[in-house]
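Chain by chain, the residues:
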Amino acid sequence: MVEGTLDQVQRLAEQLSPQDQARLLAALALRMAQVMNSIPPSATVTPQESAEAWEKFLRLGEALTASDMPGSETLTEAVLAMRR
């Protein structure tokens, strides 16, 4: 949908009574449910795969921590300093 059209629809919805806005919302929710049900399910991740991914993530974090130079700024410290 074109951004201008979305803006127009939002302005029109604001002009509706609360009851009509609720009916519109119900109709949109039904439409979204139909769309979501028509999409094939994505690949599922097993709990074992999830646990293995977290273990790898934590191992990589520990390796990065071990490779830090003493006295050097961490990435978190650098990001926080940039935000100030």
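Definitions and cut-offs
Residue positions are given per chain, counted from 1 along the sequence in the order it is written. Confidence filtering applies because this is a predicted model: local features only for residues at pLDDT of at least 70, side-chain atom pairs given and counted only at 80 or more, and all residues used for totals across whole chains, interfaces and linings. Note: side-chain values were computed over all heavy atoms of the structure, leaving out hydrogens and water. Salt bridges are defined as contacts in which a side-chain nitrogen from Lys or Arg sits within 4 Å of a carboxyl oxygen from Asp or Glu. A run of H or I in DSSP counts as a helix once it spans at least four residues, and a run of E counts as a strand once it spans at least two, with each numbered from the N terminus. One number per residue, pLDDT, summarises how confident the predictor is, and it ranges from 0 to 100. Two rings from Phe, Tyr or Trp (for Trp, the six-membered ring) form a pair when their centres are within 6.5 Å of each other. A pair whose planes differ by under 30 degrees is stacked, one over 60 is edge-to-face, and the rest are tilted. Note on exposure labels: buried denotes an accessible area under 20% of the residue type's maximum, exposed denotes more than 50%, and partly exposed covers the range between, all computed with a 1.4 Å probe on protein chains only.

> Could you give me a rundown of the pattern of salt bridges, with the residues and numbers involved?
For the coordinates displayed, the defined rule picks out 1 salt bridge. Salt-bridge contacts for Arg-23 lead to Asp-20; the nearest nitrogen and oxygen are separated by 3.0 Å. Residue Arg-23 and its partner Asp-20 are located together in helix α2 (residues 18-38), separated by 3 residues, close to a single helical turn.

> How would you summarise the confidence of the model for the protein if you had to cite specific residues and measurements?
When pLDDT is averaged along the protein, the result is 84, and 98% of the positions lie at 70 or above. Across the protein, element-level confidence peaks in α2 with a mean pLDDT of 90 and bottoms out in helix α4 (residues 75-83) with 77.

> Help me get a handle on the packing of aromatic side chains, residues and values and all.
Counted by the stated rule, this structure contains 1 aromatic pair. Aromatic side chains Trp-54 and Phe-57 sit 5.6 Å apart centroid to centroid with 90° between the ring planes, which places their arrangement in the edge-to-face category. Of the two residues, Trp-54 and Phe-57 both sit in helix α3 (residues 47-67), 3 residues apart, roughly one turn of that helix. The same class applies to Trp-54 and to Phe-57, which are both exposed.

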